[in-house]
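# Structural characterization, general
Take a look at the letters that make up each chain.
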Amino acid sequence: MSEAILEMRHINKEFSGVKALDDVNLVVEKGEIHAICGENGAGKSTLMNILSGVYPFGTYSGDVVYKGEVCKFHDIKDSERKGIVIIHQELALIPLLSIAENMFLGNENLQYPNVIDWDVTQRKAMEVLKSIGMDGENVNHTVGDLGMGKQQMIEIAKALAKDVELLILDEPTSALNEEESNMLLDLLLKLKKEQGITSIMISHKLNELSRIADNITIIRDGRTIETIVRNNDEPIDENRIIKGMVGRTITNRYPERHAAVGDVIFEVKDWTVADPEEPKNNKLSQVSFHVRRGEVVGFAGLMGAGRTELAMSLFGRTYGAGVKGKILKDGREIVLKDVQTAIDNKIAYVPEDRHTYGLVLLNDIKWNMTLASLNGRFSNKQSVIREDDEIYAAEDYKKKINIKANSITQEVGSLSGGNQQKVVLAKWMLSEPDVLILDEPTRGIDVGAKYEIYTIINKLAESGKAIVMISSEMPELLGICDRVYVLNAGRVVGELAKEQMNQEAIMKLIMDDSARKGI
Amino acid sequence: MSVELAKGTETSEMKDNLKQLKQYGMIIALVVIYSIFAVMSDFKNVAPMNVNNLIMQNSYVIILALGMLLCCLTGNVDLSVGSVVAFTGAIAAIMVVDYHMAIPVAFLAALVLGTIIGMWQGFFIAALGVSPFIVSLANMLVFRGLALVVLRGQTKGPLPHDFTVVGAGYLPQFFTNIGGTKIELLSLVAGIVISLFIVFMELHSRRNKLRQGFAVSSKMAMLFKMALSVLIVNFFTIKLAMYMGLPMVLLIVLVLIIIYTFVTTRTVPGRQIYAVGGNRKAAALSGIKVNHVMFWIYTNMGLLAGLAGIVLSARNASATPKAGDMFEMDAIAACYIGGTAVAGGAGTVTGAVVGALIMGVLNNGMSLLGWSVDVQRVVKGLVLLAAVSVDLYFKQKKNA
């Protein structure tokens, strides 16, 4: 064993009473690639935010020991000064600035105080790009013109320009295709070998981890489960990682459903949608699928496969341009020209990212719950709101789906993620839909709340509603869906029935399709 | 878990108290400012004539603030209202003075013109997606310029009595003599009727809520609220009774306040405005046609600017190309002093009206003290800055 560059000892972190990290320990050796694995909400990002000073010293308990000394970071600048750089899932690049400008943003080469030395900036930028094998790029070109993979590499170059010693990458390949991912992973290996840079990488992609990681630490529900050490050149067993991540038998996590699957209620034929930014590119091509009453149908796919775009383009054309294709409900064609028409046709869409698309955080539970049905059951012909009905409905749903809040007049911004998600669900249940499209309904909420959401989904299906579920968590799709469509690069590349559904089968469909297209 | 819940209840109660305090806070601030000026001006500002002036001088700011509130609720402003006031007022005056057209026709024309100007702005904002700030800045220049053009840079007047009655006239007066002072009876009756109405509505809604098992505020809080409202209403009506009775414009403003309160709190379109301001994307995905909402908000602002144009030229008995200068700033300031969130999504009609009254009391008080317009601007600016800062400070404290 070589020396440890970083030790995080007995880290505890709470968010308003909820334990996010519970006595987490992490040891990273100098010059290794250390992977951190865990389900969404397991606490990986929280741990990295503590390490990089996003959550300042004092807001957590335990010690961060870096190069033998206890660190008390107050912000990101503190950790960067020590050579720790974090690259978040959402890139922190400014698309309209050049590569060189982006690389030295916040870390400018100065000629005089506050005066930038552009010559040095460009020269250094070129040097760094060369060291990562991107000599071909013009450092004066804007970053926005680069592909996602290259942008991710510019982020790494930006870190290198800061004399990084410990590089943290939060799901760096989630938005990349296979080729770009490989390029990035090779770069990490190269940096390790040639410059001795230590990396910590958070990832869900097991094949990547077993390929490049030296050690893997598994976190579950805010606790460290184990650290798996790589033996020589033998790749790490993926099954062992999964067992550590999930930790319990799948059947416990997903409540059973007793829904009678009925007739086809919702059918989409040859749905083709162009990217509104680049109308020549089709974001979705010839997508066809159907859902039956009482059925839960999943959509699997990588980030960027077009699942959210599919849902939003169906839901009153809130995404895309030049929409082509047919929507049939109960066998009759319907045209959903806007959201209100979709609601009137009893379609509901529970969006991903409840803060941005689902809720008005300033307002209270009752107010948010009724927002999508104001024109229907909550107002009279003169558009005057039936306030009493609002109160009855909100009280009813608060009880029915167990929203933990003091009252229906509590601001939704002050609720926990799981309860916020329940408010969004209630909002769309109140619109009395026949078809519910749920986009990442359990993202960022804890295991207990997830179970409750699954229970709600089951009840909806049992009452004869058709559910379309989009999720990036494959175990969730496997656990809750009757059938899964696999989407890749805007096309349906496969349909799996309950008996055929497993993680490998889904990944295989995606990989085969990508391989066929040569991307 | 139970500890956590208990903690939650406590903070939510505190939040409720804070909310109420904020509402009363503005009214109390208004009373305090008014009292300070009362002392400083040897109680000149509570004299019946001055109370009357206070209402007449501020009526257009209140009218504009009602429309501006809707803009502010979406996180935007309309900078063109002062210019639109001048232009619509000018057109109405020209129609009456130069072309001898019937006064109702001129009024209607000004209102329609204001509405069309609002639609014109709404078109750029909603259909083309140009930022409201830019659109209204451009139209501020356009309509100020047009006002100068149509008036040829000169004042148009004098306007006939039937015109000026809207801004400077009174409702029918019934004078009597009580203990040596001339008293106008209609004002007194109005005060009593409004007081009874307030008490009745408050009790009615409370009984209704209790019957359905909904939460109600404490009895003390309700009594305090009722007493405060009744006191303020009768202060004004008694003062007005001691002067010339109820100004016509007060009736207009009251009717508007009632309409806008109802629309913003009780109707679907009102709710949609708050949703658009609170979270545009979520609003759109809830079936709200954001562009339609924006279009109608600016159309409505144009209509109210037209009305303010009529009222202002009526009060001045003439139209001038400089009329309404900086009115947009007074209206915007009224909204923000009244607690409207700068980012949009939160704010009330009551708040905007109280904000407008605070601005008015400041204007009026400083004028009575003989302070120059320059100093008045400094003070008004500082008050706006202080009001918004205090509001923000408490919000941050609440979140911490």
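Residues numbered from 1 in each chain as written. Chains lettered and ligands numbered in written order. Predicted model: local features only at pLDDT ≥ 70, side-chain atom pairs only at ≥ 80, totals over all residues. Heavy atoms only, no water.

## Structural notes on the overall build of chain B
What counts, and what does not: Helix numbering and strand numbering both begin at the N terminus, where a helix is a DSSP run of H or I of at least 4 residues and a strand a DSSP run of E of at least 2. Each residue is assigned to one of three classes by its accessible area relative to the maximum for its type, calculated with a 1.4 Å probe on protein chains only: buried under 20%, partly exposed between the two thresholds, exposed over 50%. Only heavy atoms matter for contacts: two residues are in contact if any of them lie within 4.5 Å across the pair.
The secondary structure content of chain B amounts to 15 helices and 2 strands. Taken over the C-alpha atoms alone, chain B extends approximately 75 × 65 × 45 Å along its principal axes. Burial status across chain B gives 48% buried among its 400 residues. The long-range share in chain B, meaning contacts at least 24 apart out of those at least 6 apart in sequence, stands at 78%.

## Looking at helix α3 (residues 81-97) of chain B
As a reminder of what qualifies: Take the residue count of a helix, subtract one, and multiply by 1.5 Å to get its expected span.
Between its terminal C-alpha atoms α3(B) stretches 24 Å, which fits the 24 Å expected from 17 residues at 1.5 Å a residue. Counting buried positions over the 17 residues of α3(B) gives 15, a clear majority of the element.

## Observations regarding the domain arrangement of chain A
Test applied: For every domain, the bounds stem from an assignment made automatically or drawn from a database.
Each domain of chain A was delimited in the assignment, giving domain 1 (4-251), domain 2 (262-346 + 433-450 + 468-519) and domain 3 (351-432). Computed over C-alpha atoms only, the centres of domain 1 of chain A and domain 3 of chain A are separated by 39 Å.

## So, the sheet that holds strand β16 (residues 321-329) of chain A
Residues and elements named next belong to chain A. Under the convention used in this document: At least two bridges found by DSSP between two strands is the condition for calling them paired. The convention used is that axes are lines fitted to C-alpha atoms, helices contributing only their stretch in contact, and that angles between N-to-C directions extend from 0 to 180 degrees.
One open sheet accounts for 4 strands, arranged β14-β13-β16-β17; its pairing is antiparallel. If you trace the sheet from one side to the other, it starts and ends with β14 (282-292) and β17 (332-334), each paired once. Strand after strand, the sheet turns through a mean of 15° between neighbouring axes, direction not considered. Across 6 bridges, the pairing between strand β13 (residues 264-274) and β16 is antiparallel. Residue pairing across strands places Glu-267 opposite Leu-328, the latter belonging to β16. Where helix α10 (residues 307-314) meets the sheet, its contacts fall on β13, β14 and β16, and the angle it forms with β14 comes to roughly 70°.

## A few points about the interface of chain A and chain B
So the rule is basically this: The quantity reported as buried area is the accessible area (1.4 Å probe) lost by two parts once they are put together, taken as the sum for both. One side-chain nitrogen of Lys or Arg within 4 Å of one carboxyl oxygen of Asp or Glu is enough to make a salt bridge. Identification of polar contacts relies on pairs of N or O atoms within 3.5 Å, with a donor-acceptor requirement for protein atoms, meaning one able to donate a hydrogen and the other able to accept it, and with residues adjacent in sequence counted only if both atoms are side-chain atoms. Ten residue types, Ala, Val, Leu, Ile, Met, Phe, Trp, Tyr, Cys and Pro, are classed as nonpolar, four, Asp, Glu, Lys and Arg, as charged, and the remainder, Gly among them, as polar.
Residue-level contacts link 39 residues of chain A with 33 residues of chain B. When the two sides are added together, the surface that chain A and chain B hide from each other amounts to roughly 2800 Å², 57% of it contributed by carbon and sulfur. At the boundary of chain A with chain B, the tally comes to 3 salt bridges. With its nearest N and O atoms 2.7 Å apart, the salt bridge here joins Arg271(B) to Glu390(A). In this assembly, chain A and chain B are joined by 9 residue pairs in polar contact (both at pLDDT 80 or more). Here the side of chain A that touches chain B is composed, by residue class, of 19 nonpolar, 13 polar and 7 charged.

## As for the nonpolar core
It is characteristic of soluble globular proteins that their nonpolar side chains tend to be buried jointly. Residues and elements named next belong to chain A. The test is simple: For our purposes a nonpolar core is just a set of buried Ala, Val, Leu, Ile, Met, Phe, Trp, Tyr and Cys residues, chained together by side-chain atoms within 4.5 Å.
Formed by 168 residues in total, the largest nonpolar core has its most connected members in Phe-266, Trp-271 and Phe-289. Both domains that furnish three or more residues to this core are identified here as domain 2 (262-346 + 433-450 + 468-519) and domain 3 (351-432). Discounting chain neighbours no more than four positions away, the residues touching Phe-289 are Phe-266, Glu-267, Val-268, Phe-299, Leu-310, Leu-314, Val-468 and Tyr-485. Core analysis: the next-biggest nonpolar cluster, separate from the first, contains 46 residues, Met-103, Phe-104, Ile-132 and Ile-197 among them.

## Thoughts on the pattern of salt bridges
Residues and elements named next belong to chain A. With the rule as written, the count across this model stands at 27 salt bridges over all chains. Of the charged contacts, one joins Glu-137 and Lys-150 as a salt bridge, the two residues approaching to 2.8 Å between their closest N and O atoms. On the criterion of sequence distance, the pair formed by Glu-137 in the loop between α4 (118-131) and α5 (148-161) and Lys-150 in helix α5 is long-range, its members being 13 residues apart. Lys-508 is the partner of Asp-512 in a salt bridge, and the nearest nitrogen-oxygen pair spans 3.0 Å. Taken together, the residues Asp-512 and Lys-508, both in helix α18 (residues 503-517) and 4 residues apart, mark about one turn of the helix.

## As for the packing of helix α2 (residues 48-73) of chain B against helix α12 (residues 290-316) of chain B
All names here are of chain B. Stated precisely, the cut-off is as follows: Angle categories are assigned with fixed cut-offs, so that under 35 degrees is roughly parallel, over 145 is roughly antiparallel, 65 to 115 is roughly perpendicular, and the rest are oblique.
Here α2 crosses α12 at 175°, and the two axes come no closer than 9 Å. Compared by their axis directions, α2 and α12 come out roughly antiparallel. Along the contact surface, α2 presents Met-56, Gln-57, Ser-59, Tyr-60, Ile-63, Leu-64, Leu-66, Gly-67, Met-68, Leu-70 and Cys-71, while α12 presents Ile-297, Tyr-298, Asn-300, Met-301, Leu-304, Ala-305, Leu-307, Ala-308, Val-311, Leu-312 and Arg-315.

## What about the packing of aromatic side chains?
Residue and element names in this part refer to chain A. What counts, and what does not: Ring pairs shown here join Phe, Tyr and Trp side chains whose ring centres sit within 6.5 Å, with only the six-membered ring taken for Trp; geometry is labelled stacked below 30 degrees between planes, edge-to-face above 60, and tilted in between.
Per the counting criterion, the structure on display carries 16 aromatic pairs over all chains. Aromatic side chains Phe-289 and Phe-299 sit 4.9 Å apart centroid to centroid with 85° between the ring planes, which places their arrangement in the edge-to-face category. Here Phe-289, found in strand β14, pairs with Phe-299, found in strand β15 (residues 296-300); they are 10 residues apart in sequence, far enough to count as distant. Residue classification places Phe-289 among the buried residues on the basis of a relative accessible area of 3%. According to the relative accessible area criterion, Phe-299 is buried, its value standing at 1%. A centroid spacing of 5.9 Å and a plane angle of 65° characterise the contact between Phe-289 and Tyr-485, whose relative ring orientation is edge-to-face.

## A closer look at the packing of helix α13 (residues 327-337) of chain B against helix α14 (residues 349-368) of chain B
Residue and element names in this part refer to chain B. The following threshold applies: Put simply, a crossing is left-handed when the front helix is turned counterclockwise from the back one by less than a right angle, and right-handed when it is turned clockwise.
Relative to each other, α13 and α14 sit at 120°, their axes nearing to 7 Å. It follows from the interaxial angle that α13 and α14 lie oblique. Crossing geometry of α13 relative to α14 is assigned as right-handed. On α14, the residues touching Asp-330, Ala-333, Ala-334, Cys-335 and Ile-337 of α13 are Gly-351, Ala-352, Gly-355, Ala-356, Ile-358 and Met-359. Grouping the constituent residues of the contact of α13 with α14 by class yields 8 nonpolar, 2 polar and 1 charged.

## Considering the side chain of Ser195(B)
All names here are of chain B. Within the element layout of this structure, Ser-195 appears in helix α7 (residues 185-211). Given the relative accessible area of 10%, Ser-195 is considered buried. In contact with Ser-195, not counting residues within four places along its chain, are Val-230 and Asn-234.

## Examining unusual backbone geometry
Cis geometry is found at the peptide bond from Gly157(B) to Pro158(B), where omega equals -10°. The topology assignment puts Pro158(B) in the loop between α5 (132-150) and α6 (161-168). A positive phi angle is found at Asp353(A), which is not glycine, with a value near 60°. On the secondary structure map, Asp353(A) appears in the loop between β18 (347-350) and α12 (354-358).

## Notes on α5(A)
All names here are of chain A. Its 14 residues give α5 an end-to-end C-alpha distance of 20 Å, which sits within 8% of 20 Å, the value for a rise of 1.5 Å per residue. Within α5, 12 of the 14 residues are buried, leaving the element largely enclosed by the surrounding structure. Within the sequence span of α5, burial applies to Gly-149, Gln-151, Gln-152, Met-153, Ile-154, Glu-155, Ile-156, Ala-157, Lys-158, Ala-159, Leu-160 and Ala-161. One or two positions beyond α5, positive phi appears at Asp-163, with a value near 60°.

## Side note on the environment of Ala497(A)
Residues and elements named next belong to chain A. Its location among the elements puts Ala-497 in strand β22 (residues 491-497). The partly exposed category is assigned to Ala-497, whose relative accessible area is 25%. Spatially, the C-alpha atoms of Ala-497 and Thr-217 are 34 Å apart, while their sequence positions differ by 280 residues. Once residues lying within four places of it in the same chain are set aside, the contact partners of Ala-497 are Asp-482 and Arg-483.

## Some points on the pairing of strand β2 (residues 181-184) of chain B
Looking along a regular strand, one sees side chains alternate from face to face of the sheet. Residue and element names in this part refer to chain B. Both strand β1 (residues 175-178) and β2 contribute to a ladder of 4 bridges, which runs antiparallel. By the bridge assignment for β2, Thr-176 is matched with Ile-183. Linking two consecutive strands that pair antiparallel, namely β1 and β2, is a turn of 2 residues; a positive phi of about 55° is found at Gly-179 within it.

## Some details on the sheet that holds β18(A)
In a beta sheet, neighbouring strands pair by backbone hydrogen bonds and run either parallel or antiparallel. Residue and element names in this part refer to chain A. On the basis of which strands lie adjacent, the open sheet formed by 6 strands has the order β18-β19-β20-β15-β21-β22 and mixed pairing. Of all the strands in the sheet, just β18 and β22 have a single pairing partner and so form its edges. Across this sheet, the average inter-strand angle for adjacent strands is 20°, counted without regard to direction. For β15 and strand β21 (residues 483-488), the ladder comprises 4 bridges, and the chain directions are parallel. Counterpart to Ala-300 in the pairing with β21 is Val-486. Taken strand by strand, α18 contacts β15, β21 and β22, and its axis lies near 25° from that of β21.

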